[in-house]
Amino acid sequence: MTFTPTKFDTLLVANRGEIACRVMRTARRMGLKTVAVYSDADATSRHVREADEAVRLGPAAARESYLNVDAVIEAAQRTGTGAIHPGYGFLSENGTFVKALEQAGITFVGPPASAIAAMGDKSAAKARMANAGVPLVPGYHGDDQGDALLRSEADKIGYPVMLKASAGGGGKGMRVVESGEGFQAALDGCRRESKAAFGDDRMLIEKYLVQPRHVEVQVFCDRYGNGVYLFERDCSVQRRHQKVIEEAPAPGMTTELRAAMGDAAVRAAQEIGYVGAGTVEFLLDSSPGQDGAFYFMEMNTRLQVEHPVTEMITGQDLVEWQLRVAMGEPLPCRQDELTITGHSFEARIYAEDPEQDFLPATGLLTRFALDLEGAGLGADQVRLDSGVESGDTVSMHYDPMLAKLIVHGVDRDAALATLNRALAALDVQGVVTNRAFLQRLANHPGFKNVELDTRFIERNEATLFAPRPFSTEDYASAALIGLHQLAQECEIDSPWDRPDGFRLNAPHTIRIALCDPASAQAADNDSAVVVVEGKRATLDTQWQLTIGNSTLTASLQPLEGDAVAVTLNGHRRRLQAYKDGHVVVMAEPSGETRLFWRRIDAIDHGHHETESTLTAPMNGTVVALLVEPGAQVEKGMPLMVMEAMKMEHTMTAPADGSVETFHFQAGDTVSQGAVLLDFAPSE
């Protein structure tokens, strides 16, 4: 089909969350009218509120809303839309959607359907790249998908191998298989995830490199044969094959290696007639003696989640480039006009609990704010791309990413220091997030020293998840912060109800027990007891604190937002702090501290007996029951599989015993905390 350059004045963003908000921000700056689409679950979401117009697509399920091609096109026609930007995910790499837009006379802000098809099938893409002279990892990319043949090919390649969904991406339908014994179970799980996410369960197999770095190159092509690369990003720090922290440029990159990877990336894009923004992903072998060896992994035929770090170091707006190329304009810059300035990091803020194997979290965001002024940071240093605001609800239906925190510095050390300060200044309440985990990553000596590969989190699990030691200052600060919030929350009608421990003709004395939240219900939780003695419930004067053999003079000063200044024996600390139920949360650039807070001079809390049930750790859907009711099982044996936010979670037996009853069947939707089954431990 011959392309005729077409200017458009209305842009529909066929996506949701932070990427929809981010695309509309540039579109508005360019003078375009913006149209949002939404499902029932997103009717009041931020991207809907910010658009000039918004059209309902359908129910919450993505296949009935954001993946509904006919509904999206109807919304575009209804609003007089000239072009559609797909964001990433959903329909962004769907060739059928692109062809339907061509037939409807609507411009697709992205590559032609032929290019999507060429790279969308990873097996075919490997063959095309081999023909173009792009280096490949040893593997099997054939059409024969029989279980026996796939097992045989894995045996030939040599373990460990990586199973990957041929039509997939984003970590869905991927498993590392360490030996032949676990191959079939991994294959079954990958096929289930791939079928659910992409409607296609074909697999490819690759040799799993033991120490690879994930380095990707941002490419851009126009319709006139021009192609450039906007340098590279290192995305090695991942969990479940999904990126957590990305940075640009890749540390340790030589001029020669950068040019070699960039040229290979542009060659790969031009091999398939690419147009627009794309990312060519490589594995860079960082094992001894392999410096400079890189292998083509895949090409994402869309804008990447981590594109902001490229924008930060180049000063270019990649969405504006996309829109101009879609209008038929040539690339804004030649290769020799592109330069790198400084260093940038992006940290993905997820609604998930890293302490519970990164389980997705849902709920009401009671607060979502970034206190840049309090952290002493400027808008030129920090950017927050977010799809949520305070008061929004995090749904179980979609990806758990809430926002992206992007920072820039003159070099890697400066950017990393800014990242730590910005993470501490981010105030998220009401929903569990990975903020504290990101701080531990950013402060980890291995990360600081660029000891990077795609198994970084796995290799450093012991230190990344080590219990944080609590200092006397931590206990003292948490005691005052919890007491301050309690005083604010209480409506006091009588001096006898005062939360500061009022006593007639005696000092106000309060006894507070503090411990790690993970051990709050344990009989031997080693609580630290803080005795607080002072004059006022408002905590605006000095208090005397006794912790063990230590005595501290303390005061607390509320600052803007949830920031406080705690002074202990003349040492002042600025903290982002709040009390979430019984847990006091304190954040600073060195990390986050969480302490269970309880007054022991008021009400003591008994210990909860362990019940012989398993409850849902998240809102989700039951995928499969793996045993029959009445089955005798051993501790750790898989019992059932749940799915939420496109990821599977396997429930296992907590002890030796028997499964008495399942309360849900495959396909049922369950709420977090619901009793899934009755379990009888062995005597």
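In case you missed it, the structure is sitting above this.
Residues numbered from 1 in each chain as written. Predicted model: local features only at pLDDT ≥ 70, side-chain atom pairs only at ≥ 80, totals over all residues. Heavy atoms only, no water.

J.: Any chance you could explain the environment of Thr509 here in plain terms?
T.: Mapped onto the secondary structure, Thr509 falls in strand S24 (residues 508–515). A relative accessible area of 31% places Thr509 in the partly exposed class. In this structure, the C-alpha to C-alpha distance between Thr509 and Val309, residues 200 residues apart in sequence, is 52 Å. (Helix = DSSP H or I, 4+ residues; strand = E, 2+ residues; numbered from the N terminus. Buried < 20%, exposed > 50% of the residue type's maximum accessible area, 1.4 Å probe, protein only.)

J.: It is not clear to me how unusual backbone geometry should be interpreted in this structure. Could you clarify?
T.: Most peptide bonds take the trans configuration, and most residues that are not glycine carry a negative phi. In this structure, Pro160 follows Tyr159 across a cis peptide bond, with omega equal to 0°. In the segment running from Ala248 into Pro249, the intervening peptide bond is cis, with an omega of -5°. Within the element layout of this structure, Pro249 appears in the loop between strand S12 (242–248) and helix H9 (255–271). In this structure, Phe231 takes a positive phi of about 70° despite not being glycine. With phi around 60°, Phe358 is a residue other than glycine that occupies positive phi space.

J.: Would you take a moment to explain the packing of aromatic side chains for this structure?
T.: In this description, an aromatic ring pair is defined by two values, namely the gap between the centres and the angle between the planes. Here the structure, examined in full by the defined rule, presents 13 aromatic pairs. On the basis of an interplanar angle of 20° and a centroid distance of 5.0 Å, the ring pair of Tyr66 and Phe90 is categorised as stacked. Taken together, the residues span a long stretch of sequence, with Tyr66 in the loop between strand S3 (53–58) and helix H3 (69–78) and Phe90 in the loop between strand S4 (83–85) and helix H4 (95–104) at a distance of 24 residues. Taken together, Tyr66, Phe90 and Tyr398 form an aromatic cluster joined through their ring pairs. (Phe/Tyr/Trp six-rings, centres within 6.5 Å; stacked < 30°, edge-to-face > 60°.)

J.: Would you mind showing me how to read the sheet that holds strand S9 (residues 203–207) here?
T.: Backbone-to-backbone hydrogen bonds pair the strands of a sheet. The strands run either parallel or antiparallel. The strand order across the open sheet formed by four strands is S6-S9-S7-S8, and the pairing between neighbours is antiparallel. Two strands in the sheet have a free side with no partner beyond their single neighbour: strand S6 (139–140) and strand S8 (174–177). In this sheet, S9 lies alongside strand S7 (residues 161–165) in antiparallel orientation, the contact comprising five bridges. Directly across from Leu163, in S9, lies its bridge partner Ile205. Running at roughly 10° to S9, helix H7 (residues 147–157) makes contact with S6, S7 and S9 of the sheet. (Pairing = 2+ DSSP bridges. Contact = heavy atoms within 4.5 Å. Axes fitted to C-alpha atoms, helices over the stretch in contact; angles between N-to-C directions.)

J.: Honestly, the pattern of salt bridges in this entry has me stumped. Any pointers?
T.: It is possible for side chains of opposite charge to pair when their charged atoms get near one another. For the structure on display, the rule yields 51 salt bridges. Connected via shared salt-bridge partners are Lys7, Arg22, Arg25, Arg29, Glu311, Asp317, Glu320, Arg324, Glu329, Arg383 and Asp385. (Salt bridge = Lys/Arg side-chain N within 4 Å of Asp/Glu carboxyl O.)

J.: Help me understand helix H10 (residues 307–314) in this model?
T.: Within H10, eight of the eight residues are buried, which leaves the element mostly enclosed by the surrounding structure. Three or more residues of H10 are buried, namely His307, Pro308, Val309, Thr310, Glu311, Met312, Ile313 and Thr314.

J.: Looking at this structure, how should I read the nonpolar core?
T.: In globular proteins that are soluble, nonpolar side chains generally tend to be buried together. Formed by 63 residues in total, the largest nonpolar core has its most connected members in Leu11, Val219, Phe220, Phe282 and Met299. The element that contributes the greatest number of residues to this core is H9, accounting for seven residues. Of all hydrophobic cores here, the second largest spans 39 residues; its members include Ile245, Ala347, Ala351 and Leu464. (Core = buried A, V, L, I, M, F, W, Y, C linked by side-chain atoms within 4.5 Å.)

J.: Explanation requested: the sheet that holds strand S22 (residues 401–409) in the structure shown.
T.: Strand order in this open sheet of eight strands is S14-S13-S10-S11-S12-S15-S22-S20, and the pairing throughout is antiparallel. Either end of the sheet is taken by a strand with one partner, and the two such strands are strand S14 (294–300) and strand S20 (382–386). Within the sheet, the average angular offset between the axes of one strand and its neighbour, ignoring direction, is 25°. Summarising the sheet, S20 and S22 pair through five bridges and their orientation is antiparallel. Each residue of the ladder has a partner; that of Arg383, found in S22, is Ile406.

The values are spatial; any link to function lies outside them.
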